[in-house]
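One-letter residues, chain by chain:
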Amino acid sequence: RVSREMVTPFNRKIYQTLIERQKEGKDIELSAQTIQKGDLVLMCHIPSLGPLLHEQCVESYKNAYNYFKDELKDGTLGIRCDSWLLMPDYMELFKECSPNIYKFAKDYEIFGVDYTENFTVGWRIFNTDVNERNTENLSQVTKLQKGFVEYINKGGKFGSGKGMLFFDGENLCD
């Protein structure tokens, strides 16, 4: 891992990043590339700092690419994100209620999903813990809040997605 100080040159408002070697016991097979144990992978974390603007995400990908370009396999930077923002079950909700999150999530190819019993990240949306499926006291000011209250009331599943994207220094790779 690279220390937080070393990450600073490309650490924008969008997310904090850590670099590590692929630790999964098996290769991650994706449509664009295979990530093997030991490959350099940039880990992406998205803090709650306001709008998730796609242009700023791409700028951060470029900065990260330039910082690590001498260590890259085939000149491509692999960026991994494990987040509730990548949960496939939420994509229609994001598409309708939060185009910024939807654009961000669509950059990633999902290779895994972890379902959870409770909506443990509900506090990120409602600024309070979401206990079980009780939506009675949840704020419904924003489109995203209204969308998630409806999702919860319809019995939607909770969890997070694991995704990868590949970046060539200018563009996302297919």
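Residues numbered from 1 in each chain as written. Predicted model: local features only at pLDDT ≥ 70, side-chain atom pairs only at ≥ 80, totals over all residues. Heavy atoms only, no water.

Caption draft 1: Representation of the pairing of strand β4 (residues 40-45) in the model. Summarising burial for β4: five of the six residues are buried, a large majority. Examined bridge by bridge, β4 and strand β5 (residues 77-83) share four bridges and lie parallel to one another. Within the sheet, the bridge partner assigned to M43 lies in β5 and is R80. Regarding the hand of the β-α-β motif, the stretch spanning β4, helix α2 (residues 54-68) and β5 is right-handed. (Buried < 20%, exposed > 50% of the residue type's maximum accessible area, 1.4 Å probe, protein only. Helix = DSSP H or I, 4+ residues; strand = E, 2+ residues; numbered from the N terminus. Pairing = 2+ DSSP bridges. Right-handed = clockwise from strand over helix to strand, strands pointing away.)

Caption draft 2: Quick look at the pattern of salt bridges. Following the criterion strictly, the structure yields four salt bridges and no others. Note that D82 is salt-bridged to R80, the shortest N-O span being 2.9 Å. Assessed through its relative accessible area of 36%, D82 is described here as partly exposed. The class for R80 is buried, based on a relative accessible area of 6%. A salt bridge links K162 to D114; its shortest N-O distance comes to 3.8 Å. With K162 in strand β7 (residues 158-167) and D114 in strand β6 (residues 109-116), the pair connects residues that are 48 residues apart, well separated along the chain. Judged by its relative accessible area of 36%, D114 falls in the partly exposed class. (Salt bridge = Lys/Arg side-chain N within 4 Å of Asp/Glu carboxyl O.)

Caption draft 3: Quick peek at the confidence of the model for the chain. The predicted model of the chain averages 81 in pLDDT, with 83% of residues at 70 or higher. Of all helices and strands in the chain, the one with the weakest mean pLDDT is helix α1 (residues 4-7) (31), whereas helix α3 (residues 91-97) scores best (97). pLDDT under 50 marks residues 1-22. Its contacts with residues more than four places away, or in other chains, come to 71 contacts. (pLDDT = per-residue confidence, 0-100. Contact = heavy atoms within 4.5 Å.)

Caption draft 4: A look at a nonpolar patch on the surface. Taken together, the side chains of I110, V113 and Y115 define a hydrophobic patch exposed on the protein surface, amounting to about 240 Å² of accessible area. Mapped onto the fold, Y115 is located in strand β6. (Patch = residues over 30% accessible without salt bridge, like charges linked within 9 Å, V, L, I, M, F, W, Y side chains within 5 Å. Areas by Shrake-Rupley, 256 points an atom, 1.4 Å probe, with all protein chains shown as cover.)

Caption draft 5: Representation of the packing of aromatic side chains within the structure. The final tally for this structure, using the stated rule, is 14 aromatic pairs. Between F119 and F148 the ring centres are 5.1 Å apart and the planes differ by 25 degrees, which places this aromatic pair in the stacked class. Here F119, found in the loop between β6 and α5 (123-126), pairs with F148, found in helix α6 (residues 143-153); they are 29 residues apart in sequence, far enough to count as distant. Accessibility assignment for this pair places F119 and F148 in one class, buried. What links up through ring pairs into an aromatic cluster is the set W84, Y90, F94, F119, F148, Y151 and F158. (Phe/Tyr/Trp six-rings, centres within 6.5 Å; stacked < 30°, edge-to-face > 60°.)

Caption draft 6: Geometry of the nonpolar core. Core analysis: the largest hydrophobic core is formed by 42 residues, its most contacted members being Y61, Y90, F94, F104, Y108, F119 and F148. Among the secondary structure elements, those contributing two or more residues to this core are β4, α2, β5, α3, α4 (99-106), α5, α6 and β7. At six residues, α2 tops the list of elements feeding residues into this core. With residues up to four places along the chain from it excluded, the contact list for F119 reads Y90, I125, F126, V130, F148, I152 and F158. Formed by seven residues, the second largest nonpolar core is a distinct cluster that contains I28, L30, I35 and F166. (Core = buried A, V, L, I, M, F, W, Y, C linked by side-chain atoms within 4.5 Å.)

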